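Listed here are the chains, written in short residue letters.
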Amino acid sequence: MAKVEKKGSASEEQLREFFREMLLIRRFEEKVEERFRAGELPGFLHVAIGQEACAVGVCRALEEGDIIASTHRAHGHTLAKGTHPNEIMAELYGKIEGCSHGYGGSMHLYDVERGNLGANAVVGGGLPSIVGAALAFKFRDEPRVGVAFFGDGATNIGTVHEALNLAQLWKVPAVFVCENNHWAESTPASQHVPITDLTKRAAAYGMEAMRIDGQDVEEVYQAAHAALDHAREGRGPVFLLLETYRLTGHYVGDPQVYRPKGEVEELRQTQDPVTKLRERLGLTDEEFEEADREARELVEASVEFAKNGTDPKPEDALKNVYA
Amino acid sequence: MPGTRRGQKGRPLPELSYREAVRDALSQAMRKDEDVFIMGEDIAEMGGSMGVTQGMLDEFGPERVRNTPISEIALVGTGIGAAMQGMRPVVEVMYEDFLTLAAEQLVNQAAKHRYMSGGQLKVPLTVRTQGGAGWSPGAQHAQQLEAWFVHIPGLKVLFPSTASDVRGLLWSAIYDDNPVILFEHRTLYGLKEEVPAELEPIPIGKARVHREGEDVTVVATGRLVHEALSAAAEAEKGGVSVEVVDPRTLQPLDEETIVESVKKTNRCVVAHEAVTRMGFGAEVAAVVQHQAFDWLDAPVERVGAKFTPIPFAPVMEEFVVPHADDVLEAIQQTVGR
């Protein structure tokens, strides 16, 4: 249905770069799970294992000045948008050196300097802000695009529909990236959404939409590129549907009692975006291990950095309420 | 209204209605500053459901005077997003009852982005809204919900009751770097007052003493400021001298002016149109008893609406919300102690 044509493919070198980023996200997320189980991380944590190609494919297609709003499952988006793992891990440990200086945590990772307007822990809550930011870009005639990430679960909340409607009505430069991992927390798509093709939701607003294999980073990158160009050229917003899989629980520690036996194992065999890209690139074991070592070292260093970080003073809680 | 100031060369100062004063502040800000724009339901051709923005479409065009769908979440949320990019949007929510629809964006987003980001963001958004009883619109178009929002750290809440106050405070709201909700009361739109020839910003967090008195302080907001002034005039006939203080800003609250007034009069009445129970007046009473306990000669009296939704039938509506005689009764109650 999409009139937005995919264009521009990633070079072999770019794909190798994507691979390193996806692997870094994977190792970061695994470390988060491990440190949570060790009792070191407070709060609610949601990892995006299985959804790495979405984050990297979209964020690598962004241009300088583009902005994103993320979701409660934000580590991957934040890493892909350029925040150093040290700053994210420090935030998860509640340290001043964290990307939100200890005020946010996993569900509220911000990095405004790098165009990350924050992870949002209210499902769908970030979309209207992206419409507003895109409206500001339009007002100022700036060639920038606002990108909102959200999941299939969010497509059932009014906020998302109001945002899509207004974005299309005003033709603001925005891209709405729906990561359809087929689960709204513990509720399967069959119990929360009456259609299978979620682009129909965008079609209802007359919005251009694309439906893409979210486990194929090259596909995602090309589609995101096209969607961003479309928005940037003033042709209106785009709904970019990425079909993806959550190869883990809703939250870290989720026993997933609700999930069919063997589903995750099977998906890990068939739908792991890291494995897919590794095969696509034909990486040798040696090449893989080198990239893996690099990722693990970065992640280990981020834990060290975070543990050596500075605790905020309790009374710092009184700061930043008002500008 | 008090206000006998004269302009230069003794010329009388201009007089504006409350409605015109809102429009004037918006228009002046938009003339001065490309970053200011307004959006809301029916605000363009129609000029707003209360006529506040009439004529502004002609002057500023449809990009900066933006009609929106009936879509409060998107409307407020879009304002938040534009504000975080450094614009200064003024969003009109047609009836304050509909703030409930946008509450998620106001409470979880606007109020918290700065905090959750550890100070990286500012949200210079102004939300104007209006409401109140008096026209019998029934339970979904006549509430006073300001107390909901004063309870949210990160929001500022203004409730100006006169033309000069709304003009100066709206200006300050637009240029404040925080999300500000400005409540207007529907029955005040036609009320006129002399205003400064040049728009003078009124600092947020500064109360206005409308009338000085010796025997009792009435802290009143919105429509009740005017009811309190009527009650004060009536009380004076009976020899009771009433000081009327309008906080104008509910969050932050000018506690000092209120407490100093009570230390002088030793008695306090709090009056608002919203329901008394758990209302803004309860907070004022708490502030007064805590900071002026030794000065109080009587319990703080509260005047507000009865604990019901706002009914339709005019006789019931009038019964439920407070008027000057309710304020007068409360004054007499404190003086009688």
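Residues numbered from 1 in each chain as written. Chains lettered and ligands numbered in written order. Predicted model: local features only at pLDDT ≥ 70, side-chain atom pairs only at ≥ 80, totals over all residues. Heavy atoms only, no water.

A rise of 1.5 Å per residue sets the reference length of helix α1 (residues 12-37) of chain A, with its 26 residues, at 38 Å; its end C-alpha atoms lie 37 Å apart and thus fit the reference within 8%. Residue G39 of chain A follows α1 of chain A closely and has a positive phi angle near 80 degrees. (Helix = DSSP H or I, 4+ residues; strand = E, 2+ residues; numbered from the N terminus. Expected span 1.5 Å × (residues − 1).)

Moving on to the sheet that holds strand β2 (residues 36-40) of chain B. Residues and elements named next belong to chain B. In spatial order, the strands read β3-β2-β4-β5-β7-β6-β12; together these seven strands make up an open sheet with mixed pairing. One side of each edge strand has no neighbouring strand; the edge strands of this open sheet are β3 (65-67) and β12 (249-251). Averaged over all adjacent pairs, the angle separating strand axes in this sheet is 20 degrees, with direction ignored. Where strand β4 (residues 88-93) and strand β5 (residues 126-131) come together, four bridges link them in parallel fashion. In the sheet register, V91 faces β5, and the bridge partner there is V127. (Pairing = 2+ DSSP bridges. Axes fitted to C-alpha atoms, helices over the stretch in contact; angles between N-to-C directions.)

With that out of the way, let us pick up helix α9 (residues 255-265) of chain B. All names here are of chain B. Taken residue by residue, α9 has T257, I258, V259, S261, V262 and T265 as its buried positions. Looking at the buried residues of α9, the elements they touch are β9 (208-211), β10 (216-220), β11 (242-246), β13 (268-275) and α10 (280-291). Once α9 ends, the next one or two residues include N266, with phi positive near 70 degrees. (Buried < 20%, exposed > 50% of the residue type's maximum accessible area, 1.4 Å probe, protein only. Contact = heavy atoms within 4.5 Å.)

Grouped together as the largest cluster of nonpolar side chains are 119 residues, with contacts concentrated most on F176 and F239 of chain A together with V65 and F149 of chain B. In terms of residue count, helix α5 (residues 127-139) of chain A provides more of this core than any other element does, eight residues in total. By size, the runner-up hydrophobic cluster in this structure holds 67 residues, among which are V32, C54, V217 and V252 of chain A. (Core = buried A, V, L, I, M, F, W, Y, C linked by side-chain atoms within 4.5 Å.)

On to the side chain of N116 of chain A. All names here are of chain A. If you trace the backbone, N116 turns up in strand β2 (residues 116-119). Given a relative accessible area of 0%, N116 falls into the buried group. Not counting chain neighbours up to four residues away, the residues in contact with N116 comprise I68, T78, K81, L109, Y110 and D111.

Let's shift gears to the interface of chain A and chain B. Tallying the contact residues gives 38 residues for chain A and 44 residues for chain B. Here chain A and chain B share an interface that buries about 3400 Å² over both sides, 59% of which is from carbon and sulfur atoms. Ionic pairing is found between D35 of chain B and R140 of chain A, a salt bridge with its closest N-O pair at 3.0 Å. At the junction of chain A and chain B, the tally comes to 15 residue pairs in polar contact (both at pLDDT 80 or more). Contributing elements (two or more residues each) for the side of chain A that touches chain B: α5 and α6 (158-170) of chain A. Class assignment for the residues of the side of chain A that touches chain B results in 22 nonpolar, eleven polar and five charged. (Buried area = accessible area lost by both parts, 1.4 Å probe. Salt bridge = Lys/Arg side-chain N within 4 Å of Asp/Glu carboxyl O. Polar contact = N/O pair within 3.5 Å; in protein donor to acceptor, adjacent residues only side chain to side chain. Nonpolar A, V, L, I, M, F, W, Y, C, P; charged D, E, K, R; others polar.)

Turning our eyes to something else, we now look at a negative patch on the surface. Residue and element names in this part refer to chain A. On the surface, E286, E289, E290, E294 and E297 cluster together into a patch of negative charge. Looking at where E297 falls in the secondary structure, it is placed in helix α12 (residues 285-307). Accessibility expressed as a relative area gives 52% for E297, which makes it exposed. (Patch = residues over 30% accessible without salt bridge, like charges linked within 9 Å, V, L, I, M, F, W, Y side chains within 5 Å. Areas by Shrake-Rupley, 256 points an atom, 1.4 Å probe, with all protein chains shown as cover. Lys, Arg positive; Asp, Glu negative; His and termini not counted. Charge placed at Lys NZ, Arg CZ, Asp CG, Glu CD.)

Turning next to the domain arrangement of chain B. All names here are of chain B. Considered domain by domain, chain B is made up of domain 1 (11-194) and domain 2 (208-335). Each of domain 1 and domain 2 has a C-alpha centre, and the two are 26 Å apart. Contact with domain 1, which involves 29 residues of that partner, is made by 25 residues of domain 2. In this structure, the connection of domain 1 to domain 2 is made through three salt bridges. (Domains from an automatic or database assignment.)

Glancing now at the environment of V150 of chain B. Structurally, V150 of chain B is set in helix α6 (residues 146-150). Apart from residues lying up to four places away in sequence, V150 of chain B is in contact with V157, L250, Q251 and F280 of chain B.

Take the packing of aromatic side chains next. Inspection of every chain in the model, using the stated rule, returns twelve aromatic pairs over all chains. Ring geometry for F150 of chain A against F239 of chain A: centres 6.0 Å apart, planes inclined by 65 degrees, an arrangement best described as edge-to-face. One end of the pair, F150 of chain A, is in strand β3 (residues 146-151); the other, F239 of chain A, is in strand β8 (residues 238-243), and 89 residues separate them in sequence. Exposure remark for F150 of chain A: the relative accessible area of 2% places this residue in the buried category. Judged by relative accessible area, which is 0%, F239 of chain A ranks as buried. When the ring of W171 of chain B is compared with that of Y175 of chain B, the centres are 5.2 Å apart and the planes differ by 40 degrees; the resulting orientation is tilted. Among the aromatic residues, those joined into a cluster by ring pairs are W148, F149, F159 and F183 of chain B. (Phe/Tyr/Trp six-rings, centres within 6.5 Å; stacked < 30°, edge-to-face > 60°.)

Attention shifts here to the sheet that holds β13 of chain B. To summarise the sheet geometry, strands pair through backbone hydrogen bonds and adopt either a parallel or an antiparallel arrangement. All names here are of chain B. Sheet architecture is open: five strands sit in the order β9-β11-β10-β13-β14, paired in mixed fashion. This sheet does not close on itself; its edge strands, each paired only once, are β9 and β14 (301-305). When strand polarity is set aside, the average angle formed by the axes of neighbouring strands in this sheet is 25 degrees. Where β13 and β14 come together, four bridges link them in parallel fashion. When the sheet's bridge partners are listed, V275 is paired in β14 with A305. Contacts from α9 reach β9, β10, β11 and β13 within the one sheet, and its direction differs from that of β11 by about 175 degrees. The sheet contacts of helix α12 (residues 324-335) involve β10, β11, β13 and β14, and relative to β14 the element is tilted by about 165 degrees.

What follows deals with the packing of α6 of chain A against helix α3 (residues 72-84) of chain B. Packing of α6 of chain A against α3 of chain B leaves a shortest axis separation of 8 Å and a crossing angle of 70 degrees. On the basis of the axis angle, α6 of chain A is roughly perpendicular to α3 of chain B. Of the two elements, α6 of chain A crosses α3 of chain B, and the hand of that crossing is right-handed. In this structure, α6 of chain A contributes T159, E162, A163, L166 and W170 of chain A to the contact, and α3 of chain B contributes E72, I73, A74 and T78 of chain B. Residue composition of the contact of α6 of chain A with α3 of chain B, grouped by class: five nonpolar, two polar and two charged. (Parallel < 35°, antiparallel > 145°, perpendicular 65-115°, else oblique. Left-handed = near helix turned anticlockwise from the far one by under 90°.)

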